[in-house]
Amino acid sequence: MTDTADVGALPARGTPASDVLDEIRALRATDRPTHGGRLFAYVYDPGVAGLDELAQAAYAESAHVNGLDPTAFPSLLAMENALVGAAARLLGGGPGTSAPDVVGSVTSGGTESLLLAVKAARDARPDLTEPRIVAPASAHAAFAKAAHYLRVTLDTVPVDPVTLRPDVAAVAAAIRPETVLVVASAPSYAHGVVDPVTGIAAVAQAAGVRCHVDACFGGWALPWLRRLGAPVPPFDFAVPGVTSISVDLHKYAYAPKGVSVLLHRDPALRAPQFFAYADWPGYTMVNPVIASTRSGGPIAAAYATLRHLGEDGYLRLAAATRDAVAGLAGAVRATGGLRLMAEPDTTVVCFTSDDPGLDLFVLVDELTARGWHTQPQLTYADLPASVHLTVTAAVAPRVAEFGPALAEAVAAARAAGPVVLPPELLALAGSLTPEALTPELVAGLADGLGLAGGAGVPDRMAVVNTLLDSAPARLRERLLAEFVGMLQRPAW
Ligand SMILES: Cc1ncc(COP(=O)(O)O)c(C=O)c1O
């Protein structure tokens, strides 16, 4: 259990720089390891010597530059345009392609790119009072967030429990006169499968509706995998009907966090993304993205990363990732009781278990105890709980160690047996409804689960995950929101 609550940010007297850095390093020691190839979520590590130092130096160079006004800081505009051009070229746009007029913006991340794709689509149809978007159920939760923020209704189309993809006819059927945007993922985060983009874009186009391809996760991996010979289906601007694409540079472009690119097929499609306001006494505000003041740091760091790695570097990293994926998937196949959720065609390995004696949440804890940090995914509709591995190039040198660790963790999980929730906890959980949930109730529950005082997260999460898994989605949301609220308390 880690308690970081007693860190004060504003001491009465200033602290020497080296002490401050020591404090930060001590705090960082409580984190999951961002390097070393044993973390399968949150962090994208290429394992390239010197890249961190380069990105940090570039970040520092531009940290105080403000993206608020591109005329004041042309350096940032130049780097943004370079990033957009590179992303467009990689994703089937630019001179000599079927999408020569692609334009784009650099945003702070995938969520912002998706919010803006939805905003642009919504604001292109001011005639509609109740706009809607259509997305496969496997689309990233950021679309639900965008729908919530922008007061747009989200219509989800179920995914097939075997292919984990939506049926194109079902997508077509979900499109209504009020639909402003249809979504496809390339690939989905949870399972790493590429949706039938050609079919989805075609039905959107036939209905006169925009089609956004969420390639936030894999947009910087799929093109290299394709060049290496992988059978990547069409998903980019080469597909007629695709009107916008998002790709996160802080994922498989291996840039430090805070950079995504949102591309539109032409400037007219992008126009409603912008916000401009002159009706106040200050400067006229013109924002292509959500933030107004923006640090140049992430943009400079991404620019440096792309320039340094280059196409040959990304190809090399994609080959290492592809081999790591194959190795990890092989280890899963060789382990009794485990089953791959999908063929690992991209950079995700996702597995489940059909064996009632093998509790996946206990397995995740056993892997964590052995230094392998995987991501549990809860039961959803007719999809079972699963374990997600985002695979990056840094994993490659570790692959040989994974199989034995997985076998050991599986044996330990079997020996420990499935989680049995204490009856009093089950009774309490059973009585909870999202509406009736109070901070006190959640605090009591957290206490019972060993999450006392919201001080941190215990090393073993199987009981918590089992409890969450047994709760309907609305209750999970409320429970976790209350819990995070408990974690986020001021440190005096
Ligand atoms: C497919 C997809 N879209 C969107 C996002 C959201 O990106 P971010 O966390 O950068 O906001 C993610 C993040 O994993 C993703 O995988």
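This structure is a prediction, so every number in the text was calculated from the model and none was measured. (Residues numbered from 1 in each chain as written. Predicted model: local features only at pLDDT ≥ 70, side-chain atom pairs only at ≥ 80, totals over all residues. Heavy atoms only, no water.)

Visitor: Which parts of the structure should I look at to understand the sheet that holds strand β11 (residues 348-353)?
Guide: Neighbouring strands of a sheet are bound in pairs by backbone hydrogen bonds; such pairs are parallel or else antiparallel. Read from one edge of the open sheet, 4 strands run β10-β11-β13-β12, paired in antiparallel fashion. Either end of the sheet is taken by a strand with one partner, and the two such strands are β10 (338-340) and β12 (375-377). On average, each strand axis in the sheet is inclined to that of its neighbour by 35°, with strand direction left out of account. In terms of strand pairing, β10 meets β11 through 3 bridges, oriented antiparallel. Within β11, the position partnered with Leu340 by the bridge is Phe351. (Pairing = 2+ DSSP bridges. Helix = DSSP H or I, 4+ residues; strand = E, 2+ residues; numbered from the N terminus. Axes fitted to C-alpha atoms, helices over the stretch in contact; angles between N-to-C directions.)

Visitor: Is there a simple way to explain the pattern of salt bridges in this structure?
Guide: When the charged atoms of two side chains lie near each other, side chains of opposite charge can form a pair. Going through the model one piece at a time under the given rule, you end up with 23 salt bridges. For the salt bridge of Arg122 with Asp123, the shortest nitrogen-to-oxygen distance reads 2.8 Å. The exposure class assigned to Arg122 is partly exposed, which follows from its relative accessible area of 24%. A salt bridge links Arg398 to Glu401; the nearest nitrogen and oxygen atoms lie 3.1 Å apart. By relative accessible area, Arg398 is classed as partly exposed at 27%. With a relative accessible area of 32%, Glu401 lands in the partly exposed category. In the salt-bridge network here, residues are joined through shared partners; they are Glu366, Arg370, Glu408 and Arg460. (Salt bridge = Lys/Arg side-chain N within 4 Å of Asp/Glu carboxyl O. Buried < 20%, exposed > 50% of the residue type's maximum accessible area, 1.4 Å probe, protein only.)

Visitor: Looking at this structure, I do not really get the UniProt feature "modified residue: N6-(pyridoxal phosphate)lysine" (unreviewed entry) in the protein chain. What am I missing?
Guide: In this numbering, the UniProt entry assigns the feature "modified residue: N6-(pyridoxal phosphate)lysine" (unreviewed entry) to Lys251. Following the sequence through the fold, Lys251 ends up in the loop between β6 (244-248) and β7 (260-264). Beyond its immediate stretch of four places on either side in the chain, Lys251 contacts Tyr44, Cys216 and Phe217. (UniProt positions renumbered as here; feature names shortened; annotations may be inferred. Contact = heavy atoms within 4.5 Å.)

Visitor: How should the sheet that holds β7 be read in this particular structure?
Guide: Strand order in the open sheet made by the 7 strands is β1-β7-β6-β5-β4-β2-β3, with mixed pairing throughout. Each of the sheet's edge strands pairs with one partner strand only, and the pair in question is β1 (103-107) and β3 (153-157). Each neighbouring strand pair of the sheet contributes to a mean axis angle of 20°, computed without reference to strand direction. Here strand β4 (residues 179-185) pairs with strand β5 (residues 210-214) via 5 bridges, running parallel. Across the sheet, Ala184 pairs through a bridge with Val213, a residue of β5. The strands that helix α4 (residues 110-123) touches are β1, β2 (132-136), β4, β5, β6 and β7; relative to β7, the one it contacts most, it runs at about 25°.

Visitor: Just to check I follow, could you spell out the side chain of Ser260 for this structure?
Guide: Tracing the backbone through its elements, the reader meets Ser260 in strand β7. Polar side-chain contacts of Ser260 include one of 2.7 Å to the side chain of Asp248. With residues up to four places along the chain from it excluded, the contact list for Ser260 reads Ser105, Val106, Thr107, Ser108, Gly109, Gly110, Ser113, Val247, Asp248 and Leu249. (Polar contact = N/O pair within 3.5 Å; in protein donor to acceptor, adjacent residues only side chain to side chain.)

Visitor: Can you help me understand the site of the ligand in this one?
Guide: Every residue lining the ligand is accounted for by Gly109, Gly110, Thr111, Leu114, His140, Tyr189, Asp214, Cys216, Phe217, Asp248, His250 and Lys251. Between the ligand and Lys251, the relevant distance is 2.9 Å, taken from an oxygen atom to a side-chain nitrogen or oxygen of the residue. Burial of the ligand by the protein chains amounts to 83% of its free accessible area of 390 Å². For the shell around the ligand, the element with the most residues is α4, which contributes 3 residues. Considering only residue class, the shell around the ligand consists of 4 nonpolar, 5 polar and 3 charged. (Near = heavy atom within 4 Å. Areas by Shrake-Rupley, 256 points an atom, 1.4 Å probe, with all protein chains shown as cover. Nonpolar A, V, L, I, M, F, W, Y, C, P; charged D, E, K, R; others polar.)

Visitor: What exactly am I supposed to notice about the pairing of β11 here?
Guide: The side chains of a regular strand alternate between the sheet's two faces. Counting buried residues in β11 gives 6 out of 6 residues, a clear majority hidden from the surface. Along β11, one buried face is formed by Val348, Cys350 and Thr352 and the opposite face, lined by Val349, Phe351 and Ser353, is buried too.

Visitor: Explain the packing of aromatic side chains here, please?
Guide: Describing an aromatic ring pair means giving the distance of the ring centres and the angle of the ring planes. A complete count under the given rule lists 12 aromatic pairs for this structure. Judged by centre distance (5.7 Å) and plane angle (70°), the rings of Trp220 and Tyr314 are edge-to-face. With Trp220 in the loop between β5 and α8 (222-227) and Tyr314 in helix α10 (residues 297-333), this pair connects stretches of sequence that are 94 residues apart. Ring pairing ties together the aromatic residues Tyr44, Tyr189, Phe217, Tyr252 and Tyr254, which thus form one cluster. Over the ring of Trp372 we find Arg38, and its NZ or CZ is 4.4 Å from the ring centre. (Phe/Tyr/Trp six-rings, centres within 6.5 Å; stacked < 30°, edge-to-face > 60°. Lys NZ or Arg CZ within 6 Å of the ring centre and 35° of its normal.)

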